[in-house]
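Fold and contact review
Here is how the chains run, residue by residue.
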Amino acid sequence: NIRFGTVDTWLVYQLTGEAPKEGSIANTGGLFLTDVTNASRWLFLNLHTMSWDQELVDAVCFPHKLPLSVLPEIRSSSEVYANCNPLCGAPSLKDVPIAAILGDQQAALFGQCAHTPGEAKCTYGTGLFLMMNTGTKLVPSVHGLLTTVGYQLGPTGEIIYALEGSVSHSGSTIQWLRDQLGIIQSAKESEEVAALTTSNDGLYLVPAFAGLFAPHWRSDARACIVGMTATHTKAHICRGALEAAAYQAREVFDAIHADSQVVLKELRVDGGATANKLLMQFQSDIIGVPVVTPVIPETTSMGAAFAAGLAVGVWENTDEIRKLWAASQEYVPNMSQEERDENWKGWKKAVTKSLGWVDLGDEEAGEIIPPQSGPKYLQSTMALGMAIVVSAGIGFVVGRKKS
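In this text, all values refer to a predicted model and were calculated from it rather than measured experimentally. (Residues numbered from 1 in each chain as written. Predicted model: local features only at pLDDT ≥ 70, side-chain atom pairs only at ≥ 80, totals over all residues. Heavy atoms only, no water.)

Structural notes on the overall build of the protein chain
Rules: Numbering of helices and strands starts at the N terminus; helices are DSSP runs of H or I of at least 4 residues and strands are runs of E of at least 2. Exposure categories follow from relative accessible area, calculated using a 1.4 Å probe and restricted to protein chains: below 20% of the type maximum is buried, above 50% is exposed, and the middle band is partly exposed. Note on contacts: a residue pair is in contact if any heavy atoms of the two residues lie within 4.5 Å. Note on areas: Shrake-Rupley, 1.4 Å probe, and residue coverage restricted to the protein chains presented here.
Summing up its helical and strand segments, the protein chain has 11 helices and 19 strands in all. Counting every position in the protein chain, which comprises 403 residues, the buried fraction comes to 52%. Residue pairs in contact within the protein chain that sit at least 24 positions apart in sequence constitute 72% of those at least 6 positions apart. Taken as a whole, the protein chain presents about 18200 Å² of accessible surface, with 55% of it coming from carbon and sulfur.

Digging into the packing of helix α7 (residues 234–260) against helix α8 (residues 277–287)
Test applied: Under this scheme, a helix contributes an axis fitted over its contacting stretch, all axes are lines through C-alpha atoms, and angles between N-to-C directions fall in the 0 to 180 degree range. An angle counts as roughly parallel when it lies under 35 degrees, as roughly antiparallel when it exceeds 145, as roughly perpendicular when it falls between 65 and 115, and as oblique in every other case. Here a crossing is called left-handed whenever its near helix is offset anticlockwise from the far helix by less than a right angle, and right-handed whenever the offset is clockwise. Classes in brief: Ala, Val, Leu, Ile, Met, Phe, Trp, Tyr, Cys and Pro nonpolar; Asp, Glu, Lys and Arg charged; the others, Gly included, polar.
Contact pair α7 / α8: the axes reach a minimum separation of 9 Å and the direction vectors enclose 40 degrees. Of the possible angle classes, the one that applies to α7 and α8 is oblique. Of the two elements, α7 crosses α8, and the hand of that crossing is right-handed. In this structure, α7 uses Arg239, Leu242, Glu243, Ala245, Ala246, Tyr247, Ala249, Arg250 and Phe253 to contact α8, whose residues at the interface are Leu278, Leu279, Phe282, Gln283, Ile286 and Ile287. Broken down by class, the residue content of the contact of α7 with α8 amounts to 11 nonpolar, 1 polar and 3 charged.

A word on helix α4 (residues 104–111)
In terms of residue burial, α4 counts as a mostly covered element, since 7 of its 8 residues are buried. Taken together, the buried positions of α4 are Gln105, Gln106, Ala107, Ala108, Leu109, Phe110 and Gly111. Phi for Cys113, located one or two positions after α4, is positive at around 55 degrees.

Things to note about the packing of α7 against helix α11 (residues 337–354)
In contact at an axis separation of 11 Å, α7 and α11 are set at 95 degrees when each is read in the N-to-C sense. Regarding the angle of α7 to α11, the classification is roughly perpendicular. Residues Ala244, Tyr247, Gln248, Arg250, Glu251 and Asp254 of α7 lie in contact with α11, whose contacting residues are Arg340, Asn343, Trp344, Trp347 and Val351. Residues that form the contact of α7 with α11 fall into these classes: 5 nonpolar, 2 polar and 4 charged.

Notes on the layout of surface pockets
What counts is decided by this rule: Buriedness for pockets is judged along seven lines, at least five of which must meet protein on both sides within 12 Å for an open set on the 1 Å grid over protein atoms alone, while cavities are sets there where a 1.4 Å probe fits but cannot get out, and lining residues have an atom within 4 Å of a point. Grid points are joined across faces, edges and corners, and a volume is the space filled by probe spheres set on the points.
By volume, the largest pocket amounts to about 360 Å³. If you trace the largest pocket, you find 18 residues lining it, with Thr123, Tyr124, Gly125, Gly271 and Thr300 closest to the centre. For the lining of the largest pocket, the secondary structure elements donating two or more residues are α4, β8 (120–124) and α9 (299–312). For the lining of the largest pocket, the element with the highest residue contribution is α9, accounting for 3 residues. Per-class residue counts for the lining of the largest pocket are 3 nonpolar, 12 polar and 3 charged. The volume enclosed by the second largest pocket comes to roughly 310 Å³. Mapped by element, the contributors of at least two residues to the lining of the second largest pocket are α5 (171–181), α6 (187–194) and α7. Tallied by class, residues from the lining of the second largest pocket come to 9 nonpolar, 7 polar and 3 charged.

What about the pairing of strand β10 (residues 146–152)?
Stated formally: By the convention used here, strands pair only if DSSP detects at least 2 bridges between them.
With 7 of its 7 residues buried, β10 lies for the most part within the structure. Relative to strand β11 (residues 159–167), β10 runs antiparallel, the two sharing 6 bridges. When the bridges of β11 are listed, Gln152 appears paired with Ile159. Adjacent in sequence and paired antiparallel, β10 and β11 are bridged by 6 residues, among which Gly154 carries a positive phi angle near 90 degrees.

What to know about the pattern of salt bridges
Counted only if it meets this: Only one rule defines a salt bridge in this text: a Lys or Arg side-chain nitrogen within 4 Å of an Asp or Glu carboxyl oxygen.
In the structure shown here, the tally under the stated rule is 9 salt bridges. The partner of Glu164 in a salt bridge is Arg41, and the shortest N-O contact between them spans 2.9 Å. Here the residue Glu164 occupies a position in strand β11, and Arg41 occupies one in the loop between α2 (36–39) and β3 (45–46), the gap between them amounting to 123 residues. Just as Glu164 is buried, Arg41 falls in that class too. A network of salt bridges, in which partner residues are shared, links Glu73, Arg75 and Glu79.

With respect to the sheet that holds strand β16 (residues 327–331)
Pairing in this open sheet of 7 strands is mixed, and the strands run β10-β11-β9-β8-β14-β15-β16 from one edge to the other. Since the sheet does not close on itself, it has two edges, and those belong to β10 and β16, each with one partner. Across the sheet, the axes of successive neighbouring strands diverge by a mean angle of 30 degrees, strand direction being ignored. Here 7 bridges tie strand β9 (residues 128–135) to β11, and the two strands are oriented antiparallel to one another. Each residue of the ladder has a partner; that of Met132, found in β11, is Leu163. Against the sheet, α7 contacts β8, β9 and β11, and its axis sits at roughly 20 degrees relative to β9.

Take a look at the structure:
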């Protein structure tokens, strides 16, 4: 009488079911399923067996009892699950195949054609998400990252795993400059103002507005601006906000290397902030490898389309898809190692100043516990999300009262 799912589950259920009778909000008789990438976000999935784990469900839901029967069937990320039901309420979708389901970050990874172990992408949105393909090897992180599922192509396809680092504030820091401080009128203006100075002149902005996520996991941290003198201007604050995204990406970048021992030779990037050339150049400078933007920036949608195309035979394999990906611009490092080290030293010192501002009490000990420190290397603290053609971050519950 009750079922739980993410938005992908809801959409598939609605598209494959029949329109409800008056008074009901849900279609009836639809397929109740999700894919491995969305399932990996629940804290309920055993990453080794790719199945719901009752022990984990009990641990998360305690003291409530939740039977596995209320959870959706787990399927691959790329297969024809069903055709849209002509009676679903959208007759124009009659017999259109539903052929791909992917979490938003995994879809972006696939859309960036990071199909080989060691290839990575970084998405700059409200937050920041850096993910690297680790192939069929599940790599438990000991450096503050999340071990997750990358994708699975077809019911018999191998599970491709990934390491992921998530940062809570990236683009939202620029929104804060605009909406709360009022020192810029638009996000685009942040680049223009920041470019008025050629360096941060020792000013660092740590955007720990809600604590620090990967790789620190510190909920007692709060945002701070350090190193400020009377000579600093709003240009330095804008630059500090932009540089903060790059510094946080490097923290994840370095953690991925420490966990996997893979040296990333380039970083493919997407998201709205990739239009900011100052940020992209600084990102390349601070990590010391080329940063590459794609011709088609909507990589989440591209990833979902690629996965669906493979399922229905538009493309035979990932090699054909890889040929479709093209670079728009490449930013190469243009900073001396001495300057890079000096900037990095300043950032790490600034981060220490953000810690310990919130007294969480002995029971919380000032840390957000990374998911893989729990049983069976579970995933994740991330918001529930999906991508068939678009991404979302909402879960749902549907219940029916007994007559």
